[in-house]
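This is what each chain is made of:
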Amino acid sequence: MMRSVKLALACLCLAFVAAPATDTRQLGRSVDGRPIDAIRVGDPSGTPVLVVGCVHGNEPAGIAVARAHAKHTPRGIDIWIVPDLNPDGVAADTRQNAHGVDLNRNFPFRWRRQAGVYASGSRPLSEREARIAYTLILRVHPRLTVWFHQHLDLVWASGGNRDVERTFARVSGLPYRALPPLDGSAIDWQNHALPGTTAFAAELPAGRASPAQVARYVRAVLAAARAAA
C-alpha cells in the first residue's frame, strides 16, 4: 500500500515538473474590445519564435495549432504565441476586422489603398490589431514568425530563409510554393524590416485541423525554429 502511495506521489510530482511554465499577457484589445493575448513558453534565453494562429477571422484552424504550442517547453526556443489576432473577425466569421479591414494588407511595407475583400485601411497600421502585432514583432524580434492561414494547402515562400521554410514544409506535409508578394502584408513587412529573420504563411487545408494534424504542425514549427537558430 505504501509503495503504491509513493508511486502515485512520484507520478504527480513528475506531472507538475513536466507541465510547461506559461506566461500569458494581454497585448491589447480589438476594435470591439475583445482581448488579444500572447502566451510565452520555452526558454527565455533561446531563439525567439512567434506563432500567430489567426489573422483572418474566417480562417481559424491555426488557433488550435497556436494554443497547442503552450503545452511544450522546448529547450533553446523562446516561443511567443498569439492564438487569435482578429477575434472580432472570428466572432463574425469574416476575413476582415470589425472596421472591415484586411489586417494582412494594413502593414507599412508596400502598403497601398485597396478596397473590397482586401481593404487595406485608411493608412498603414490604421488598425489596432495590426499595431499590436507590429509592436510585438519589433519588441521580440523573432528569428522566425509563422502565420497560419487557410485554405491554399501550402507553405508560401515569402522572402525569408528558404531552408527554414522548406523544413516546415517537409515536416508539415504541406507543399512548398513560391508565390508573389502581397502589398501591405505582415510577412513581407517583417522580412523587409528585420533582415536575417524569416516570416512565412502556413496555408492549412479547409476546415478544422484534426488532433494528428495539429501535432504535426506543432512539430513543423519546432523543426523550423531549430533550423532558424
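Look above for the structure.
Definitions and limits used
- Residues numbered from 1 in each chain as written.
- Predicted model: local features only at pLDDT ≥ 70, side-chain atom pairs only at ≥ 80, totals over all residues.
- Heavy atoms only, no water.
- Helix = DSSP H or I, 4+ residues; strand = E, 2+ residues; numbered from the N terminus.
- Rg over C-alpha atoms; globule rule 2.2 N^0.38 Å.
- Buried < 20%, exposed > 50% of the residue type's maximum accessible area, 1.4 Å probe, protein only.
- Contact = heavy atoms within 4.5 Å.
- Areas by Shrake-Rupley, 256 points an atom, 1.4 Å probe, with all protein chains shown as cover.
- Lys, Arg positive; Asp, Glu negative; His and termini not counted.
- Charge placed at Lys NZ, Arg CZ, Asp CG, Glu CD.
- Pairing = 2+ DSSP bridges.
- Axes fitted to C-alpha atoms, helices over the stretch in contact; angles between N-to-C directions.
- 1 Å grid on protein atoms, 1.4 Å probe; cavity = no way out; pocket = protein on both sides within 12 Å on 5 of 7 lines; lining within 4 Å.
- Points joined across faces, edges and corners; volume = space filled by probe spheres on them.
- Nonpolar A, V, L, I, M, F, W, Y, C, P; charged D, E, K, R; others polar.

1. Looking at the overall build of the protein chain
Of the regular secondary structure elements, the protein chain holds seven helices and eight strands. A compact globule built from 229 residues should have a C-alpha radius of gyration of about 17 Å, and the protein chain, at 18 Å, falls within 12% of that. Taking the principal axes of its C-alpha atoms as reference, the protein chain extends roughly 70 × 40 × 35 Å. Within the span of the protein chain, comprising 229 residues, buried residues form 50% of the whole. Look at the contacts in the protein chain between residues 6 or more apart in sequence, and 69% of them connect residues 24 or more apart. Summed over all atoms, the accessible surface of the protein chain reaches about 10,700 Å², with 55% contributed by carbon and sulfur. Here the protein chain contributes 27 positive and 18 negative side-chain charges, whose respective centroids are spaced 7 Å apart.

2. Structural notes on the pairing of strand S2 (residues 35–42)
Summarising the sheet, strand S1 (residues 23–29) and S2 pair through six bridges and their orientation is antiparallel. Across the sheet, residue Arg29 finds its bridge partner in S2, namely Pro35. The hairpin formed by S1 and S2 contains five residues between the paired strands, and Gly33 there has a positive phi angle of roughly 90 degrees. Two strands pair when backbone bridges link them, and S2 and strand S4 (residues 77–82) are joined in this way by four bridges, in the antiparallel orientation. Among the inter-strand pairings, Ile39 is bridged to a residue of S4, identified as Ile81.

3. What to know about the sheet that holds strand S5 (residues 144–150)
Strand order in the open sheet formed by eight strands is S1-S2-S4-S3-S5-S8-S6-S7, with mixed pairing between adjacent strands. The open sheet has two free edges, formed respectively by S1 and strand S7 (176–178), since each of these has just one partner strand. Within this sheet the neighbouring strands show an average axis-to-axis angle of 25 degrees, counted without direction. Taken together, the three bridges between strand S6 (residues 154–157) and S7 define a ladder with parallel strand orientation. Its bridge partner being in S7, Ala157 is matched across the sheet by Ala178.

4. Section: empty space enclosed by the protein
Summed over the entire model, instances satisfying the criterion amount to one cavity of 30 Å³ or more. There is about 50 Å³ of room inside the largest cavity. Taken together, Leu27, Leu50, Val52, Val82, Leu85, Ile132, Ala133, Leu136, Ile137 and Trp147 make up the lining of the largest cavity. Breaking the lining of the largest cavity down by element, the ones donating at least two residues are strand S3 (47–52) and helix H4 (128–140). A class-by-class count of the residues in the lining of the largest cavity yields ten nonpolar, no polar and no charged.

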